[in-house]
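Breakdown of the fold
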Amino acid sequence: IKDGVYRRSWMGISGTTLDMDIAAAGGYNVTRGVLISQVVNNSPAQRAGLRGGDRTVVVNGVQVIVGGDVIVAVNGVPINSIDELLVYMEEKTSPGQTITLNIVRNNQFITVSLTLSTRP
């Protein structure tokens, strides 16, 4: 309000909600979270080393990009869907903040730190 603009946090990914069908088709050992389909070049996500998908499968008649990291928690808060991630980002983060992501990569749980920027 003070500056006349609202700056939203941005990590630079596109993704989808991981469900049981997508998990099975993609070979994931988790069935909830946000499956990262794409990482934007020169984004906070790319700088943090997050990985997008590398192949396409058909799940229930819809093409889905799989093979990417799966976000399962942010700052210790479980994330079950893309909607939950978007709400968390909107309500709990701000540009410049460093967040901790719990992700699944190649069926291994790892932790990644990511410093958010302002959404372009």
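Residues numbered from 1 in each chain as written. Predicted model: local features only at pLDDT ≥ 70, side-chain atom pairs only at ≥ 80, totals over all residues. Heavy atoms only, no water.

**Focus on the environment of Arg8**
Among the secondary structure elements, Arg8 is positioned in the segment before β1 (9–10). On the accessibility criterion, Arg8 (35% relative accessible area) is partly exposed. The sequence separation of Arg8 and Asp83 amounts to 75 residues, and the corresponding C-alpha distance is 16 Å. With near-sequence residues (within four places) excluded, Arg8 lies in contact with Glu90, Pro95, Ser117, Thr118 and Arg119. (Helix = DSSP H or I, 4+ residues; strand = E, 2+ residues; numbered from the N terminus. Buried < 20%, exposed > 50% of the residue type's maximum accessible area, 1.4 Å probe, protein only. Contact = heavy atoms within 4.5 Å.)

**Remarks on the layout of surface pockets**
Of the voids in this model, the largest pocket is the one considered here, and its volume is about 330 Å³. As for the largest pocket, its lining consists of 16 residues, and the residues nearest its centre are Ser9, Trp10, Leu86, Met89 and Arg119. Looking at the lining of the largest pocket, the elements with two or more residues in it are β1, β2 (13–17) and α3 (82–92). Looking at the lining of the largest pocket, the element that brings in the most residues is α3, giving five residues. In terms of residue class, the lining of the largest pocket is built from eight nonpolar, five polar and three charged. Looking at the second largest pocket, its volume works out to about 190 Å³. Of the residues in the lining of the second largest pocket, the class split is two nonpolar, six polar and five charged. (1 Å grid on protein atoms, 1.4 Å probe; cavity = no way out; pocket = protein on both sides within 12 Å on 5 of 7 lines; lining within 4 Å. Points joined across faces, edges and corners; volume = space filled by probe spheres on them. Nonpolar A, V, L, I, M, F, W, Y, C, P; charged D, E, K, R; others polar.)

**A closer look at the pairing of strand β4 (residues 55–59)**
Moving residue by residue along a regular strand, the side chains alternate between the two faces of the sheet. Where β4 and strand β5 (residues 62–66) come together, five bridges link them in antiparallel fashion. Each bridged residue has a counterpart across the sheet, and for Val59 the counterpart in β5 is Val62. Between the end of β4 and the start of β5, which pair antiparallel, lie two residues, with Asn60 showing a positive phi angle near 50°. (Pairing = 2+ DSSP bridges.)

**Here we look at the pattern of salt bridges**
For side chains of opposite charge, pairing can occur when their charged atoms come near one another. Taken as a whole, this structure holds three salt bridges when the rule is applied. Between Arg105 and Asp69 there is a salt bridge whose closest N-O contact spans 2.8 Å. Of this pair, Arg105 sits in strand β8 (residues 98–105) while Asp69 is found in the loop between β5 and β6 (70–74), placing the two residues 36 residues apart along the sequence. In terms of burial, Arg105 and Asp69 fall into one category: buried. (Salt bridge = Lys/Arg side-chain N within 4 Å of Asp/Glu carboxyl O.)

**Some remarks on the environment of Leu85**
Mapped onto the fold, Leu85 is located in helix α3. The contacts of Leu85, once residues within four sequence positions are left out, are Met11, Ile13, Val34, Ile71, Val74 and Ile79.

**Describing unusual backbone geometry**
The phi torsion at Asn106 lies on the positive side, around 50°, for a residue other than glycine. Relative to the helices and strands, Asn106 resides in the loop between β8 and β9 (108–115). Overall, Asn106 belongs to the exposed group, its relative accessible area being 64%. In the Ramachandran plot, Asn107 falls in the positive-phi region, its phi being about 60° despite a non-glycine side chain.

**As for the side chain of Arg105**
Classification of Arg105 as buried rests on a relative accessible area of 15%. A polar contact of 2.8 Å, which involves the side chain of Arg105, links it to the side chain of Asp69. (Polar contact = N/O pair within 3.5 Å; in protein donor to acceptor, adjacent residues only side chain to side chain.)

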